[in-house]
Amino acid sequence: MSIYADRVARGDWEALAREVDAYGCALTPPLLDKDECADIAALYDEVGRFRSTIDMERYRFGAGQYRYFAEPFPEAVAELRAALYPRLLPIARDWAERLGRPAPWPGTLEEWLGMCHAAGQVKPTPILLRYGQDDWNALHRDPYGDLVFPLQVVIGLDEAGADYSGGEFLLVEQRARAQSRGTAMSLPRGRGLIFTTRDRPVRTKRGWSASPVRHGVSVVRSGHRRTLGLVFHDAA
């Protein structure tokens, strides 16, 4: 077992599943140490490691920039993604059952990505995001294609309150016949935040209903904020 898989395995996954189920998000135990965070953040300037760069302001996604990794991925990125997938799989299958949806996800990430590729979703989705002062990310969802894994993970690479201020991670849940519910939190360096990709099951008087959820980042007031995003389906 790699050091990254071992760190994932240390999590109380029953408790994490309950928290994700209740709130649509949950913080993992530490997945990267300080030096590993710095090493991954430093990759941003190695342009050849990435398949594309997105300027958020150009596309009216907010302000800031992110880059999608090209294969082969850095070891930490590949191993964390593979180790997290089977831990999130029971939550995904449970949600699908409650919502009466298909649950097409096989037991390993490799098999699932093979299905994505067969369906034409071949673009890698691990992502490195960089925000400076006054940057932010508009509320959005990340389906990327017809085949979607309903959970993803973002890992903080800088220390909130020391390296930057502001820049809280935001979740906004649209509730049926009610006002939306918001969640905001600072992202600790090295820890992962599990959150829903597009919606989550919510009990109503008529049974289970899909509650749409969008995510984003509040304005960074000072400093720099960098994160590693792990999406578990590839893009069309």
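Everything numeric in this text was worked out from a predicted model, so none of it was measured. (Residues numbered from 1 in each chain as written. Predicted model: local features only at pLDDT ≥ 70, side-chain atom pairs only at ≥ 80, totals over all residues. Heavy atoms only, no water.)

(A) The overall build of the protein, seen in detail. Secondary structure assignment for the protein yields 5 helices and 15 strands. Its C-alpha radius of gyration of 17 Å places the protein within 12% of the 18 Å reference for a compact globule of 236 residues. Projecting the C-alpha coordinates of the protein onto the three principal axes gives extents of approximately 50 × 40 × 35 Å. Here the protein holds 236 residues, and the buried ones make up 48% of them. Considering only contacts within the protein whose residues lie at least 6 apart along the sequence, 76% involve residues at least 24 apart. (Helix = DSSP H or I, 4+ residues; strand = E, 2+ residues; numbered from the N terminus. Rg over C-alpha atoms; globule rule 2.2 N^0.38 Å. Buried < 20%, exposed > 50% of the residue type's maximum accessible area, 1.4 Å probe, protein only. Contact = heavy atoms within 4.5 Å.)

(B) Summary view of the nonpolar core. Among the nonpolar cores identified, the biggest contains 44 residues, and Leu32, Leu88, Leu128, Phe149, Leu228, Leu230 and Phe232 are the most heavily contacted of them. The element that contributes the greatest number of residues to this core is helix 4 (residues 75-99), accounting for 12 residues. Discounting chain neighbours no more than four positions away, the residues touching Phe232 are Arg81, Leu84, Tyr85, Leu88, Leu109, Trp112, Leu113, Phe149, Leu151, Gln152 and Val153. Core analysis: the second largest hydrophobic core is formed by 10 residues, Tyr68, Ile127, Leu129 and Val217 among them. (Core = buried A, V, L, I, M, F, W, Y, C linked by side-chain atoms within 4.5 Å.)

(C) The arrangement of the packing of helix 2 (residues 13-23) against helix 4 in detail. Two numbers describe how helix 2 lies on helix 4: the axes approach to 11 Å, and their chain directions differ by 45 degrees. When the axes of helix 2 and helix 4 are compared, the pair comes out oblique. As for the relative orientation of helix 2 and helix 4, their crossing is right-handed in sense. Mapping the contact onto sequence places Trp13, Ala17, Val20 and Asp21 in helix 2 and Leu84, Arg87, Leu88, Ile91, Trp95 and Arg98 in helix 4. Of the residues assigned to the contact of helix 2 with helix 4, the class counts are 7 nonpolar, no polar and 3 charged. (Axes fitted to C-alpha atoms, helices over the stretch in contact; angles between N-to-C directions. Parallel < 35°, antiparallel > 145°, perpendicular 65-115°, else oblique. Left-handed = near helix turned anticlockwise from the far one by under 90°. Nonpolar A, V, L, I, M, F, W, Y, C, P; charged D, E, K, R; others polar.)

(D) View of the packing of aromatic side chains. Applying the stated rule across the entire model yields 9 aromatic pairs. Ring centres of Tyr44 and Phe50 lie 6.1 Å apart, and the angle between their planes is 50 degrees; this geometry places the pair in the tilted category. A centroid spacing of 5.7 Å and a plane angle of 75 degrees characterise the contact between Trp105 and Phe149, whose relative ring orientation is edge-to-face. One end of the pair, Trp105, is in the loop between helix 4 and helix 5 (109-118); the other, Phe149, is in the loop between strand 6 (136-140) and strand 7 (151-156), and 44 residues separate them in sequence. Residue classification places Trp105 among the buried residues on the basis of a relative accessible area of 7%. (Phe/Tyr/Trp six-rings, centres within 6.5 Å; stacked < 30°, edge-to-face > 60°.)

(E) Fine view of the pattern of salt bridges. In the structure shown here, the tally under the stated rule is 13 salt bridges. Two residues, Arg7 and Glu36, come together in a salt bridge whose shortest N-O distance is 2.6 Å. On the criterion of sequence distance, the pair formed by Arg7 in helix 1 (residues 3-9) and Glu36 in helix 3 (residues 34-42) is long-range, its members being 29 residues apart. Given a relative accessible area of 15%, Arg7 falls into the buried group. (Salt bridge = Lys/Arg side-chain N within 4 Å of Asp/Glu carboxyl O.)

(F) Fine view of the sheet that holds strand 1 (residues 25-30). Pairing is antiparallel in the open sheet, where 7 strands are placed in the order 1-11-7-15-5-4-2. Both edges of this open sheet fall to strand 1 and strand 2 (50-55), since each of them pairs with a single strand only. Averaged over neighbouring strand pairs, the angle between their axes works out to 20 degrees when direction is ignored. Across 4 bridges, strand 1 lies against strand 11 (residues 191-196) in antiparallel orientation. Counterpart to Pro30 in the pairing with strand 11 is Arg191. In this fold helix 4 packs onto strand 4 (65-69), strand 7, strand 11 and strand 15 (225-231), with an angle of close to 140 degrees to the strand it touches most, strand 7. (Pairing = 2+ DSSP bridges.)

Note that every value here comes from positions in space, so none of it alone points to a role or purpose.
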